Amino acid sequence: MSKYILRRLVLAIPILFGITLIDFVLINLAPGDPIIAMIDPAAPIAPGELEVLRENLGLNQPFFVRYTIWLTEALKGNMGYSYVHSVPVSQRIQERLGPTLILTVTSLLISVVVGIPLGLLSALKQYSKLDYSLTFAAFAGISVPNFFLALAGIYIFALKLDVLPPFGMISLRTELPYTIDLLHHLLLPATVLGFASMASLMRFARTSLLEVLDQDYVTTARAKGLQQRRILSAHALRNALIPLITVLGLRLPGLFGGSVIIETVFSWPGIGKLAIDSITDRDYPQIMSLLLITAVLVLLANLITDIVYAYADPRIRYAD
Amino acid sequence: MNQQESAPREISKSLEAEQKQSHFFQSRFWRRYRRHRLALIGTFILLVLVGIAVFAPLITTHDPLKVNMRDTKEPPNEIYVLGTDKAGRDIWARLAFASRISLSVGVVSVSIYIVIGTLLGAIAGYYGGLTDSLIMRFTDTVMSFPGLIIIITVVSFVGPSIYNTMLVIGLLGWPGTCRLVRGQVLQLREMEFIEAARSIGSPGPRIILRHILPNVVPYLIVVATLGTASAILIEAGLSFLGLGVQPPTPSWGNMLNSARQLTLLEQFPHLWLPPGFMIAVTVLSINFIGDGLRDALDPRMTL
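Each chain has its residues counted from 1, running along the sequence as written. Chains and ligands are labelled by the order in which they are written, letters from A for the one and numbers from 1 for the other. Reporting of local features is limited, given that this is a predicted model, to residues whose pLDDT is at least 70; pairs of side-chain atoms are given and counted only at 80 or more, and all residues count toward the totals for whole chains, interfaces and linings.

**Re the overall build of chain B**
Operational definition: Helix and strand labels come from DSSP, where a helix needs a run of H or I of at least four residues and a strand needs a run of E of at least two; each type is numbered from the N terminus. Three classes are used. A residue is buried when 20 or more other C-beta atoms lie within 10 Å of its own, exposed when 12 or fewer do, and partly exposed in between, with C-beta atoms placed from the backbone. We call two residues in contact whenever the C-beta atoms placed from their backbones are within 7 Å.
On a plain count of helices and strands, chain B comes out with 14 helices and zero strands. N-terminal to C-terminal, the α/β element order of chain B is α-α-α-α-α-α-α-α-α-α-α-α-α-α. Counting only C-alpha atoms and orienting by the principal axes, one finds that chain B spans roughly 80 × 50 × 35 Å. The burial tally for chain B puts 43% of its 303 residues in the buried class. Of all intrachain contacts in chain B linking residues separated by at least 6 positions in sequence, the fraction that spans at least 24 positions is 69%.

**With respect to the packing of helix 5 (residues 89-124) of chain A against helix 8 (residues 178-213) of chain A**
Residues and elements named next belong to chain A. Just so we agree on the cut-off: A fitted line through C-alpha atoms represents every axis, and for helices the fit uses only the stretch in contact; the resulting angles, taken between N-to-C directions, go from 0 to 180 degrees. Crossings are sorted by hand: turned counterclockwise from the far helix by less than a right angle, the near helix makes the crossing left-handed, and turned clockwise it makes it right-handed. Residues were grouped as follows: Ala, Val, Leu, Ile, Met, Phe, Trp, Tyr, Cys and Pro as nonpolar; Asp, Glu, Lys and Arg as charged; and all remaining residues, including Gly, as polar.
Viewed as axis vectors pointing N to C, helix 5 and helix 8 meet at an angle of 35 degrees, and their least axial separation amounts to 6 Å. Classified by chirality, the crossing of helix 8 by helix 5 is right-handed. Class assignment for the residues of the contact of helix 5 with helix 8 results in 21 nonpolar, nine polar and two charged.

**Focus: unusual backbone geometry**
A cis amide bond, omega 10 degrees, links Pro247(B) with the succeeding residue Pro248(B). Relative to the helices and strands, Pro248(B) is located in the loop between helix 11 (204-240) and helix 12 (252-257).

**Comments concerning helix 11 (residues 271-281) of chain A**
Across the eleven residues that make up helix 11 of chain A, a large majority, eight, are buried. By the burial criterion, the buried members of helix 11 of chain A are Ile271(A), Gly272(A), Lys273(A), Leu274(A), Ala275(A), Ile276(A), Ser278(A) and Ile279(A). The secondary structure elements touched by the buried residues of helix 11 of chain A are helix 5, helix 10 (228-266) and helix 12 (284-312) of chain A together with helix 7 (147-158) of chain B. Backbone geometry just downstream of helix 11 of chain A places Arg282(A) in the positive-phi region, at approximately 55 degrees.

**Details of the interface of chain A and chain B**
Every contact between the two is made by 39 residues of chain A and, on the other side, 37 residues of chain B. Here the residues of the side of chain A that touches chain B are counted per class, giving 34 nonpolar, five polar and no charged.

Below, the structure is given as structure tokens:
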């Protein structure tokens, strides 16, 4: 097992390197001259001084020298300063990461708790009316744009029924305890964000259980006279759920991407909204570090997924 | 001698061509596809949508771009079938013309990334070794960036427009296709007919193009169809955020943008319900078609 984990870690290194390289290439492609951005437009500056500044900062060094400098600084946690807010970009990301994790984790929970049981039910009642309706619902779930769903949700639950707040993470003035108030604000955005994952988990759970029920060992269990309930609990369900680990792990980039839209619509103070705000402000250091950090988080999530999968399925860990 | 030989060949050729034409509705593909009822409904709806896009000028009475400040936010009435927007523009006309944008962004961006993904995947799978490792690590790297975040970053560099939207989705969307094609090529590479081609001295590029890729086409058709659906969703999302198709050019996504104001959202559902409905119906029908194609072309395939 430790050999397997080690192999995964070694495989992740070139990808981590690739992520930083692509991020640095993009930084260099970003429009605008970093030197011009640094100087006060009100104070006139001699053209020669610009060159001196460039030299002092090492900006006239070859690409790979600059990349090495940038990478060492980034590893130390220094990813530069926001053009607009004059604070370290890492500080703003730290502030915003919490709300995004609350949102994405809740939406994943909702999609697991709702999606998987419905998918299993769909498989058990294959070709029934229920199966067809759930299949249709799953297709609708991946086809309706999340921002439309968000707007419709706000329209119905916040504006017409007035049972949920239309935006924000906490109320300014409220008698409710913090957690209750947070959950109250969280319910709508997390459900909307989780909709697509719910639909795909449902589809995968259905396919997976149908495949397992078709296996020889299930036929054997049936032949020796086991009851359906026992077949499911002892043989089928656990094996059917294993592939879903991968599906869950693969959802993370989609959730981060989705959070850009959902957080903007719901004014949720997370990294998705930060991304859009940085784009609007043309705050390139901020957006580039966001890109770097989300990519590294996705890489980590994939790594964890692989390891969890190997724990759950011995065939994987003994294969190589 | 020559004539005698060529005559039967001509006949069999024309027979083959005839068979191909007249037997589509009896082909195995069609028989399987027909059984997928949702796919048939999807096909029908998509044909209607393509019809709306092609004949947009004929089926609308108002100019989709013409601002009319006297008739703003009109609810649906006899003059404006679906009402007017904030600037008094006819919503039905804008919806119809927007379908041209959404469908073409979907088709163009997916065509771009299918070409990139197929070439990279085929090269990685066929040549193996270091080439394979390099290409696949590059693919993994690109896949690590959350799609929408890297797309809006690149769009912010090049500026939002229809063509940049197509290009950015096209240039960043290929990793999934690349992985799929590589997987297929790895299997095909070991088959006897490829060994035969290699043993008579066919060069690598020729084997890839003539013998391997034709066998991957069914998979590509399915991937391209489902990909078009998600490309349309991405374009709509970008335009909704103001980073895609720019007004006054109508796109379903940017028509929903005005509903971000809560007062408009509450008081004028006719502003945002129709474009949202159009996106959902379009994407849904393309997804149904993709599912039907998957069943008809290769039932073993899982995506």
